[in-house]
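# Notes for the structure review
Each chain, written out:
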Amino acid sequence: MNVIQQGFFNTSGNLNKKDTVTVYLHSNTSPYNIIDSARSLIDSVTFSGTFSFSNAAGGNYYFSVKHRNCIETWSSYDETFNSWTPLPYSLTFGTYSAYGGNLAYLAPNKYGIFSGDINQDGTIDASDVSEVDNDANTGLSGYVKTDVTGDDFVDAGDVSIVDNNAFNSVSAVSP
């Protein structure tokens, strides 16, 4: 599976760092219960990770992608899944691959999941901006959830991304 975290994407066309992402397989009927989950490191050059699901039988599933500071993003439709094959899906080529077109445009032919949902409540809003702003004011560094650019520093670059996404009322879109 391929996925790009919006804030991690840099001008050279790579990610600032590798980071983990969790993918949840959901039933394809309401209430879309979680059937299985898998976690993988996303490569900073290929944007890919390998997700193994051992608790799901073959069938059709929606899946959602979660990252420590990004909006949960769902597949645009239910995918046929076999437990013995990797999940062959990309959320990087166009808005058509995410439910409700919920992807950020990054560069020609590159899309990513929106960064800035610091408190993981499904909406990027003032509470997320406040948390990033506070950490930027104190000069927080390291592997922290408020570092949405993946450069290990919380600064104006992080605040800008979260503030822009809050202004645009970015939130999770699911079936």
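None of these values were measured; they are calculated from a predicted model. (Residues numbered from 1 in each chain as written. Predicted model: local features only at pLDDT ≥ 70, side-chain atom pairs only at ≥ 80, totals over all residues. Heavy atoms only, no water.)

Of note, the bond from Ser30 into Pro31 is cis; its omega dihedral lies within 30 degrees of zero at 15 degrees. Mapping Pro31 onto the fold places it in the loop between strand 1 (19-27) and strand 2 (34-42). Although it is not a glycine, Asp152 adopts a positive phi angle of roughly 70 degrees. Tracing the sequence through the fold places Asp152 in the loop between helix 1 (126-138) and helix 2 (156-167). Exposure remark for Asp152: the relative accessible area of 29% places this residue in the partly exposed category. The phi dihedral of Ser169 is positive, around 55 degrees, even though this residue is not glycine. Within the secondary structure, Ser169 is located in the segment after helix 2. (Helix = DSSP H or I, 4+ residues; strand = E, 2+ residues; numbered from the N terminus. Buried < 20%, exposed > 50% of the residue type's maximum accessible area, 1.4 Å probe, protein only.)

It is worth spelling out the packing of aromatic side chains at this point. Two aromatic rings are characterised by how far apart their centres lie and by the angle between their planes. Summed over all chains, the structure comprises 8 aromatic pairs. Aromatic side chains Phe9 and Phe47 sit 6.2 Å apart centroid to centroid with 45 degrees between the ring planes, which places their arrangement in the tilted category. Of the two residues, Phe9 sits in the segment before strand 1 while Phe47 sits in the loop between strand 2 and strand 3 (59-66), which places them 38 residues apart along the sequence. Here the two residues Phe9 and Phe47 agree in accessibility, since each one is buried. Note on Tyr77 and Tyr89: the rings are 6.2 Å apart at their centroids and 65 degrees apart in plane angle, and the pair reads as edge-to-face. Of this pair, Tyr77 sits in the loop between strand 4 (73-74) and strand 5 (79-81) while Tyr89 sits in the loop between strand 5 and strand 6 (104-107), placing them 12 residues apart in sequence. An aromatic cluster is built from Tyr32, Tyr62, Trp74 and Tyr99, whose rings are joined through pairwise contacts. (Phe/Tyr/Trp six-rings, centres within 6.5 Å; stacked < 30°, edge-to-face > 60°.)

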